[in-house]
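These are the residues of each chain, in order.
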Amino acid sequence: MPPRYEHPANALQHPDRFVPLGTPPLPTQQRVLRDVIAGLSIAGLLLPEAVAYAGIASLPPQAGLIALLCGLVVYALLGTSRFAIVSATSSSAAVLFATVLSEPGNNGSPALTLAAALIIATGALFILAGAARLGGMSDFIARPVLRGFTFGLALTIAVKQLPKILDVTVRHSDTPRMMLDLLTSVPGANHYSTALGATALAALFGLGRWGRIPATLLVIVLAIAAGFWIDWHAYGIAIVGHIDLQNISFGVPSLNRTQWMQSAELGFALMLILYAESYGSIRNFALKHGDSISANRDLVALGCANLLSGLLHGMPVGAGYSATSANEAAGAQSRLAGLCAAAVVAVIIWLFLPQLARIPEPVLAAIVIFAVSHSLHPSVFKPYWTWHRDRMVVIAALLAVLVLGVLHGLLAAIGVSLLLTLRKLSEPNVSELGRLRDSHDFVDVSLHPEAKAVPGVLIVRPEVPLFFANAERVLGKVRALLRTPAEPPLHTIMLSLEESPDVDGSAIEALRIFAAECTARDLRLMLVRLKPRALTALQRATDATLQPEMLHELSVDECVQSLASNASAKT
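Residues numbered from 1 in each chain as written. Predicted model: local features only at pLDDT ≥ 70, side-chain atom pairs only at ≥ 80, totals over all residues. Heavy atoms only, no water.

**Describing the UniProt feature "domain: STAS" (unreviewed entry) in the chain**
According to UniProt, the feature "domain: STAS" (unreviewed entry) maps to residues 447–563 in the numbering used here. For residues 447–563, the end-to-end C-alpha separation is 25 Å, with 38% helix and 15% strand making up the annotated structure. (UniProt positions renumbered as here; feature names shortened; annotations may be inferred. Helix = DSSP H or I, 4+ residues; strand = E, 2+ residues; numbered from the N terminus.)

Rendered as structure tokens:
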């Protein structure tokens, strides 16, 4: 069967869908077999990670298992990506801990209640965003911010696992001071725990080089098997302990209005982080394989998965890159692989739950470090140095997470990104245009010396959209150009607003004042290349100073020709 393209009209009707080149499907039996094999393969990766991520969030281990089952089943039924694996992730666990469980006095049952409320609020916000068709919501977080945040978060998670491996107590929770605490605590570390964690790390990274070997599952099985001959407690090594799946409750936490409002505020931040991480994974693999996906439907699927997990007192879930990549590498052909993985996980929990409780904590810590290690490659920063773009944003995001913590670090990084963007927009460049030889093109005369200005006409173009933060500065630069002596004297100023799709009230007021100044100096003002929305807004604002004949949607060349025709008619 030849490759298929989706008709362009369908892409226009569904702008939230990716519709690249499709691939011929395999026979049904072969696809089902590959999905079953993939489900078996990734179950061994997901199960220990779910227990480990619950430890990151300071939740009981069953919270990770609940989240894993909810994410796998719900997304398989409602999602659109055939590769995405929705489960508890290291970033969601870290954010949950930073927003709720790290607060002083938040421990025990009240903390679990607040965590459940936060996850429920996050799920509800996901569903509302999907209903409102906000599929492009992840664009609120710039990619450099996300790169720096991800690296800083992975480093933070890895550092916070080291006390479990060394079996030492640290006094501080922020990463820099925790690293200092670790350095001073090394002499008092538990040598047995350290050796076990180091052995697990070496085995994970060693086996991880062979992609077809389930390194995580193999290390967990070996650790559990060793526990039948070794009394971990005798060597001061902690284990996971009892996993309670018999007393799971279902329901909405009983909180007051203020607590629910706080949960909704924190839930918005958690939703942005989860969606940026999830949709990045979903989109990358969809583009790679030519799959069609729906961002809005995935929002609803993620929302339902988080809502169900919260109602069952689980953890927040998202489509992590490592699990999704492992699913693709295992040969998954459809979302049936996720359902198969859920079935395998359920069988393992049913048959081997007491054995899972015997997993040593240093081994789980090693699994977490191994899981986040793929995000600790400094090469992710190299493009920004090569491009000479957004270097400060990447570094600010990284340092903010390390110094301020996960949530406040992300918010600070987003704030820095927005401030730098506003700074660029508020300090605009204004180009003076001239005709390029005998063509119809008007270009910046400072970049093209061969371009010639039109006698008696000053043609300028702001290189950024005109809005409240830069309108006065733009027009101030135009006024400076007007003060430059010209020969012959200027009679017309032409302002090309092709970079401004719309104008706000501040820009309109500034243009009206500038129009009055031009009239007082006996200069003709022409606002050209106006986009439809900007033209409509300015037409509503016309008066004795900003007159209708000043507004033009024609190109610079057409307006210059119109000036020449009028001058010829008068002579």
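Still to come is the rest of the account.
**Considerations on a nonpolar patch on the surface**
Nonpolar side chains collect at one region of the surface, where Tyr-192, Phe-228, Trp-229, Ile-230 and Tyr-235 lie side by side and expose about 630 Å² of accessible area between them. You can see Trp-229 is positioned in the loop between helix 9 (215–226) and helix 10 (257–289). (Patch = residues over 30% accessible without salt bridge, like charges linked within 9 Å, V, L, I, M, F, W, Y side chains within 5 Å. Areas by Shrake-Rupley, 256 points an atom, 1.4 Å probe, with all protein chains shown as cover. Salt bridge = Lys/Arg side-chain N within 4 Å of Asp/Glu carboxyl O.)

**A short note on the pairing of strand 6 (residues 457–462)**
Burial analysis of strand 6 places six of its six residues in the buried class, which makes it a mostly covered element. By the bridge criterion, three bridges tie strand 3 (residues 430–436) to strand 6 in an arrangement that is antiparallel. Each residue of the ladder has a partner; that of Glu-432, found in strand 6, is Val-460. In the sheet, strand 6 pairs with strand 7 (residues 492–496) via four bridges, with the strands oriented parallel. Bridge pairing links Val-457 to Thr-492 in strand 7. (Buried < 20%, exposed > 50% of the residue type's maximum accessible area, 1.4 Å probe, protein only. Pairing = 2+ DSSP bridges.)

**Focus on the packing of aromatic side chains**
What characterises a pair of aromatic rings is the spacing of the ring centres plus the angle enclosed by the ring planes. The final tally for this structure, using the stated rule, is eight aromatic pairs. Relative to Phe-285, the ring of Phe-83 lies with its centre 6.3 Å away and its plane at 50 degrees, an arrangement referred to as tilted. Highlighted residues: Phe-83 in the loop between helix 3 (61–78) and strand 1 (86–87) and Phe-285 in helix 10, separated in sequence by 202 residues. The pair formed by Phe-83 and Phe-285 is uniform in burial state, with each residue classed as buried. Ring centres 5.7 Å apart and planes at 80 degrees place the aromatic pair Tyr-384 and Trp-387 in the edge-to-face group. With Tyr-384 and Trp-387 both in helix 15 (residues 382–387), this residue pair falls three residues apart, about one helical turn. Using a relative accessible area of 55% as the deciding quantity, one classes Trp-387 as exposed. By the ring-pair criterion, three or more aromatic residues cluster together here, those being Phe-126, Tyr-275 and Tyr-279. In this structure, Arg-358 is placed above the aromatic ring of Phe-228, and the distance from its NZ or CZ to the ring centre is 4.5 Å. (Phe/Tyr/Trp six-rings, centres within 6.5 Å; stacked < 30°, edge-to-face > 60°. Lys NZ or Arg CZ within 6 Å of the ring centre and 35° of its normal.)

**What about the pattern of salt bridges?**
Counted by the stated rule, this structure contains 11 salt bridges. When the shortest N-O distance is used, the salt bridge between Arg-82 and Asp-291 registers 2.7 Å. Of this pair, Arg-82 sits in the loop between helix 3 and strand 1 while Asp-291 sits in the loop between helix 10 and helix 11 (295–311); the two residues are 209 residues apart in sequence, bridging distant segments of the chain. Across the pair, Asp-291 and Arg-82 agree in class, each one buried. For the salt bridge of Arg-435 with Asp-557, the shortest nitrogen-to-oxygen distance reads 2.9 Å. With Arg-435 in strand 3 and Asp-557 in helix 21 (residues 556–570), this pair connects stretches of sequence that are 122 residues apart. The partly exposed category is assigned to Arg-435, whose relative accessible area is 21%. When salt bridges with common partners are traced through the structure, they connect Arg-461, Glu-463, Glu-498 and Arg-529 into a single cluster.

**Notes on the confidence of the model for the chain**
For the chain, per-residue confidence averages 84 on the pLDDT scale, and 92% of positions sit at 70 or higher. In this model residues 1–23 is a low-confidence stretch, pLDDT under 50, and it forms 36 contacts with partners more than four residues away in sequence or in other chains. (pLDDT = per-residue confidence, 0-100. Contact = heavy atoms within 4.5 Å.)

**Considerations on empty space enclosed by the protein**
Any space left empty among the atoms is revealed by the rolling of a water-sized probe across them. As enumerated under the stated definition, the model contains one cavity of 30 Å³ or more in all. Lining the largest cavity we find 14 residues, and of these Tyr-75, Ala-84, Ile-85, Arg-335 and Gly-338 sit closest to its centre. Tallying contributions element by element places helix 3 first for the lining of the largest cavity, with four residues. (1 Å grid on protein atoms, 1.4 Å probe; cavity = no way out; pocket = protein on both sides within 12 Å on 5 of 7 lines; lining within 4 Å. Points joined across faces, edges and corners; volume = space filled by probe spheres on them.)

**A few points about helix 16 (residues 391–404)**
Note that an α-helix has 3.6 residues per turn; residues three or four places apart therefore point the same way. Compared with the 20 Å implied by 1.5 Å per residue over 14 residues, the 19 Å span of helix 16 between its first and last C-alpha is a close match. For helix 16, the complete set of buried residues consists of Val-393, Val-394, Ala-397, Leu-398, Ala-400, Val-401 and Leu-402. Residues of helix 16 that are buried sit in contact with helix 6 (143–166), helix 7 (175–185), helix 15 and helix 17 (406–426). Where helix 16 ends, the next residue or the one after it, Gly-405, has phi of about 100 degrees, a positive value. (Expected span 1.5 Å × (residues − 1).)

**Describing helix 9**
In a regular helix each residue adds 1.5 Å, so 12 residues correspond to 16 Å; helix 9 covers 16 Å between its end C-alpha atoms and thus fits that length. For helix 9, the full list of buried residues reads Ala-215, Thr-216, Val-219, Ile-220, Ala-223 and Ile-224. All buried residues of helix 9 fall inside an arc of 160 degrees around its axis, so they share one side. Elements that come into contact with the buried residues of helix 9 comprise helix 2 (28–56), helix 8 (191–207), helix 13 (336–356) and helix 14 (361–372). (Arc of directions from axis to C-beta.)

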